[in-house]
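Survey of secondary and tertiary structure
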Amino acid sequence: MAGSYQDTPFHADIAELTEQIRGERQLYRTLLATLRIRRRRYRQVVAGVGERLGRLKLNGRLTERSPLTVMLEIELMRSAVTGKLGGWQTLEEYADDLGLEPERFARLAAVARRQLALLERLHEHAREQAFRRPG
């Protein structure tokens, strides 16, 4: 997503969000190993295929993104970050029982809330672009 938004006023914010998510992804993998939770490869494959199929949709624009595509991508990101926030909150609540540090997950939840605020601003901008009246 970061590469697709280089021409927007939010590129720096999206690039930072991308780096945060990469770090959280690595933490997630480490947590799975620590908690001895088996990763389900088929779920990863299905998610990857779904993402790629979503990019193949016909929007009548061969060389540029549709404004509605931008909105959809942001809405999907908001949904994912909201789910992630719930996960960090759950881990914070049960961290002691799992032998983990609750403060770490409280910090991650705070980061997720900031990410949601950014995505809300992006969505507002995308709505304005998608539904503005020409002329």
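Residues numbered from 1 in each chain as written. Predicted model: local features only at pLDDT ≥ 70, side-chain atom pairs only at ≥ 80, totals over all residues. Heavy atoms only, no water.

Of the regular secondary structure elements, the protein chain holds 4 helices and 0 strands. In sequence order, the secondary structure elements of the protein chain are arranged as α-α-α-α. In the protein chain, buried positions account for 27% of the 135 residues. Here the protein chain has roughly 9,800 Å² of accessible surface; of this, 54% comes from carbon and sulfur atoms. (Helix = DSSP H or I, 4+ residues; strand = E, 2+ residues; numbered from the N terminus. Buried < 20%, exposed > 50% of the residue type's maximum accessible area, 1.4 Å probe, protein only. Areas by Shrake-Rupley, 256 points an atom, 1.4 Å probe, with all protein chains shown as cover.)

The subject of this paragraph is helix α1 (residues 11–34). In this model α1 runs 35 Å from its N-terminal to its C-terminal C-alpha over 24 residues, within 8% of the 34 Å that 1.5 Å per residue would give. Lining the buried residues of α1 we find α3 (67–98) and α4 (102–131). Phi turns positive, to about 55 degrees, at R36, one or two residues after α1. (Expected span 1.5 Å × (residues − 1). Contact = heavy atoms within 4.5 Å.)

Below, the discussion takes up the nonpolar core. By size, the foremost hydrophobic cluster in this structure holds 25 residues, and its most contacted members are I14, L31, I74, W88, F105, L119 and L122. Broken down by secondary-structure element, the contributors of at least two residues to this core are α1, α3 and α4. When near neighbours in sequence (up to four residues on either side) are disregarded, L119 contacts L17, I74, M77, R78 and V81. (Core = buried A, V, L, I, M, F, W, Y, C linked by side-chain atoms within 4.5 Å.)

This paragraph deals with the confidence of the model for the protein chain. Mean pLDDT for the protein chain: 84, with 81% of residues reaching 70 or above. Ranking the elements of the protein chain by mean pLDDT puts helix α2 (residues 41–55) last with 62 and α4 first with 93. (pLDDT = per-residue confidence, 0-100.)

A contiguous patch of negative charge on the surface is contributed by E92, E93, D96, D97, E101 and E103. Among the elements that take part in the negative patch, α3 stands out by supplying 4 residues, more than any other. Note on placement: E93 falls in helix α3. (Patch = residues over 30% accessible without salt bridge, like charges linked within 9 Å, V, L, I, M, F, W, Y side chains within 5 Å. Salt bridge = Lys/Arg side-chain N within 4 Å of Asp/Glu carboxyl O. Lys, Arg positive; Asp, Glu negative; His and termini not counted. Charge placed at Lys NZ, Arg CZ, Asp CG, Glu CD.)

What follows is about the pattern of salt bridges. This model, assessed by the stated rule, comprises 3 salt bridges. For the salt bridge of K84 with E24, the shortest nitrogen-to-oxygen distance reads 2.5 Å. Taken as a pair, K84 in helix α3 and E24 in helix α1 lie far apart in primary sequence, 60 residues in all. For K84, a relative accessible area of 18% corresponds to the buried category.

Here we take up the packing of α3 against α4. Between α3 and α4, the shortest axis-to-axis distance is 8 Å and the interhelical angle comes to 165 degrees. By the criterion of interaxial angle, the relationship of α3 to α4 is roughly antiparallel. Here α3 and α4 pass one another in a crossing that is left-handed. Here the contact of α3 with α4 is built from residues that sort into 23 nonpolar, 5 polar and 8 charged. (Axes fitted to C-alpha atoms, helices over the stretch in contact; angles between N-to-C directions. Parallel < 35°, antiparallel > 145°, perpendicular 65-115°, else oblique. Left-handed = near helix turned anticlockwise from the far one by under 90°. Nonpolar A, V, L, I, M, F, W, Y, C, P; charged D, E, K, R; others polar.)

Here we come to the environment of D13. Within the secondary structure, D13 sits in helix α1. Measuring from C-alpha to C-alpha, the distance between D13 and Q115 comes to 9.4 Å, with 102 residues separating the pair along the chain.

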